[in-house]
Every structure is written in structure tokens, then in C-alpha cells.
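Letter by letter, the chains look like this.
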Amino acid sequence: MLSYQHAYHAGNFADVQKHLTLYAVADYLLRKKSAITYVDSHAGRGLYPLATKETQRLQEYREGIAPLWQARQQLSDPLLSRWLTALNSAQPNPTELSHYPGSPWWLAQALREQDQLRLFELHPGEHEHLSGQALPKQARRIYGDGLQGLKQLVPVATPRMCVLVDPSYERKAEYQEVVEAVAYTLEKVRHAVIMIWYPLLPAGHHETLLSSLEASGIRKIWHSELLLRAAGEGAHGMYGSGMVVINPPWGLDEQLASAMSQVTPLLGSDSHYRAKWLVGE
């Protein structure tokens, strides 16, 4: 289909959960000197000016990053504070929230000389935008299918690997395709840290993803969900956001629980966060 463009949703509550998790994982991995290959399966544009017509159409950032930005001086959680400080560095004017960085930007901030970054994007327009973003020399932009590209990339030359799988799920089959690509990757790189984002929609297709992962034989699967409202409210639209982390870094669950305890009150009275191990601990 290739109709999805993340610019319409940039900076929403799902981005907050996704990129805060990504930042926490990368921050932990940087404690060791050994090289890392980072892979982003669905990279998008890399950086989103909030004033563009696409982002202004829905203005989803108003229920996502905007309230956190406005309250940033009052937030005391260490992880959340560091993440918001990093976000601040993406702003041309540090006193104004005018841009929201996508996952390529967040991953680029974690790159060291010995690391590599592979960014896949299949949408021609989105790839063109990505090609115009300033990224370190270790970053390679690849015009192609991210799940197929991930399977072709493994095993990697570096001792460690970190993957973000973030499809649009426009096709129901993508939920199962994600599981197959992830399982194949872990066969080749057993200790890879893999993050999978998924939407919570009334149709409940994310249950296919979770149940298939649980039955896959993969060990050490943790997941969290950030909900704006209860599943039964509203006839359509995304009511929550989920993140699976396979081989999660030690202490990730506690770090994110602490950060989310300060995030959820800013997203509305009905918002809440929950997390548990899907397989193992």
C-alpha cells in the first residue's frame, strides 16, 4: 500500500513511549565499548518540523510530546529528564518545540565511531525526506523493505546488535511477518536486543503478534503498553501503544515504570501504563 506517512502522527503519545524506550535501551548499551549495529526497519523521515501541513492536520503532538515539553522543568525522573534534554538539542530555538525527531535521529545520537546504523525505508517520498537529513557517516540509508532487509543483514559484523521494528501495520499480515523476521534474526544473532512497536486498536490484531511471539520459543520477552483510554471507549482509532523488548537490558522495566509515572498524568486522567514479562524474566 505504502500510503502511511508518519508526519501526520509525529510526536504523538506512541512516539513518546517508543522513543523513550529506544533511548533507555541505547543508553544502557553504550555502557560497554564493544561495537553495535543498530537497525531501524521502518525509518520514516528522521526529523519532523511540527509546522508542516501533514503534522498540523491532526496535531497529535498536542496529546503527546507537547505537555511533556511544557512541564519539562518540573519533571524529576532521571531517564525522562535526560530524554527531554536530548529532545531539546533537536530544536533550532531551544525555548520552542518546533521539531520532533524520529527514530533515525534518536539512534544517530547513540552512534560512536565503532558503531553502524542501517535505516530502511520503502515509501519513496519518506525515503527522499530521509536522504535529506544530516546523519553521521556510520549511518546508511537503504531504500527497501525493512523486514526483508533485516533478514538479509544478519549475521552482522559487530559483536552486538540492536533493532527497532516499527511498521505501520496497514496490512494485517504484517503482525505475523514481524514475528517471522524477528525469529529469523535471533537465530542468527541470539543476543540481539530487539524492540517492536505495535498499536492498540479496537480490532485487537496486536494479540496475534503477542501470542505468536509467546509461542515462538524466543526467550526473555518483555512488553509494555501506554493507554490513553480504555479499549471499549470510542468506535475507532488507536487507544494505546505497545512496545515489546526482547533481551531487554537489566533494569529497563524499573526505569520506564518510573519515567511513565510522570508521563501518564500529563496525557490525561484516563491514561495509564502497564508492563509485564511475556516470556521469562
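Residues numbered from 1 in each chain as written. Predicted model: local features only at pLDDT ≥ 70, side-chain atom pairs only at ≥ 80, totals over all residues. Heavy atoms only, no water.

1. Let's talk about the sheet that holds strand 10 (residues 272–279)
Here is step 1: Reading across from one edge, 5-4-1-6-7-9-8-10 is the order of the 8 strands in this open sheet, with mixed pairing throughout. The outermost strands of the open sheet, each flanked by one partner alone, are strand 5 (139–143) and strand 10. Looking at each pair of strands side by side, their axes are set apart by 15° on average, direction ignored.
Here is step 2: Across 7 bridges, strand 8 (residues 221–227) lies against strand 9 (residues 240–246) in antiparallel orientation. Residue pairing for strand 9: tryptophan 222 is matched across the bridge by valine 245. (Pairing = 2+ DSSP bridges. Helix = DSSP H or I, 4+ residues; strand = E, 2+ residues; numbered from the N terminus. Axes fitted to C-alpha atoms, helices over the stretch in contact; angles between N-to-C directions.)

2. Some thoughts on the UniProt feature "site: Interaction with substrate rRNA" (unreviewed entry) in the protein
Here is step 1: When the UniProt feature table is mapped onto this chain numbering, "site: Interaction with substrate rRNA" (unreviewed entry) sits at Tyr4.
Here is step 2: If you trace the backbone, tyrosine 4 turns up in the segment before helix 1 (13–29).
Here is step 3: For tyrosine 4, the residues in contact, after removing those within four places along its chain, are His9, His123, Glu126, Ser168 and Glu170. (UniProt positions renumbered as here; feature names shortened; annotations may be inferred. Contact = heavy atoms within 4.5 Å.)

3. Here's the deal with the packing of aromatic side chains
Here is step 1: Enumeration over the complete set of coordinates arrives at 5 aromatic pairs.
Here is step 2: With centroids separated by 4.9 Å and ring planes inclined at 90°, the aromatic side chains of tryptophan 105 and tryptophan 106 adopt a geometry described as edge-to-face.
Here is step 3: Residue tryptophan 106 is classed as buried on the basis of its relative accessible area of 5%.
Here is step 4: Connected via pairs of aromatic rings, a cluster forms that spans Tyr23, Trp83, Trp105 and Trp106.
Here is step 5: One residue, lysine 18, lies across the ring of tryptophan 197, its end atom 5.2 Å from the ring centre.
Here is step 6: The positively charged end of arginine 72 is found above the aromatic ring belonging to tryptophan 69, 3.8 Å away from the centroid. (Phe/Tyr/Trp six-rings, centres within 6.5 Å; stacked < 30°, edge-to-face > 60°. Buried < 20%, exposed > 50% of the residue type's maximum accessible area, 1.4 Å probe, protein only. Lys NZ or Arg CZ within 6 Å of the ring centre and 35° of its normal.)

4. A look at the pattern of salt bridges
Here is step 1: Tallying each qualifying case throughout the model produces 9 salt bridges.
Here is step 2: Among the salt bridges present, the one from arginine 112 reaches aspartate 115, with a minimum N-O distance of 2.8 Å.
Here is step 3: On the basis of relative accessible area, aspartate 115 is assigned to the buried category, the value being 0%.
Here is step 4: With its nearest N and O atoms 3.0 Å apart, the salt bridge here joins lysine 137 to glutamate 113. Separated by 24 residues along the polypeptide, lysine 137 in the loop between helix 6 (124–131) and strand 5 and glutamate 113 in the loop between helix 5 (103–110) and strand 4 (116–121) bring together distant segments of the chain. For the pair lysine 137 and glutamate 113, a shared accessibility class is recorded, and that class is exposed. (Salt bridge = Lys/Arg side-chain N within 4 Å of Asp/Glu carboxyl O.)

5. Looking at the UniProt feature "binding site: S-adenosyl-L-methionine" (unreviewed entry) in the protein
Here is step 1: UniProt annotation of "binding site: S-adenosyl-L-methionine" (unreviewed entry) refers to His19, His42, Ser103, Glu121, Asp145, Gly146 and Asp166 when read in the numbering used here. The annotated residues contributing to the lining of the largest pocket are His19, His42, Ser103, Glu121, Asp145, Gly146 and Asp166.
Here is step 2: Considering the arrangement of structural elements, one finds aspartate 145 in the loop between strand 5 and helix 7 (146–153).
Here is step 3: For aspartate 145, the contacting residues outside a window of four places in its chain are Phe120 and Leu122.
Here is step 4: One polar contact links the side chain of aspartate 145 to the main-chain amide nitrogen of glutamine 148, over a distance of 2.8 Å.
Here is step 5: Looking at the secondary structure, you find glycine 146 in helix 7.
Here is step 6: Contact partners of glycine 146, with chain neighbours within four places excluded, come to Ser41 and Phe120. (1 Å grid on protein atoms, 1.4 Å probe; cavity = no way out; pocket = protein on both sides within 12 Å on 5 of 7 lines; lining within 4 Å. Polar contact = N/O pair within 3.5 Å; in protein donor to acceptor, adjacent residues only side chain to side chain.)

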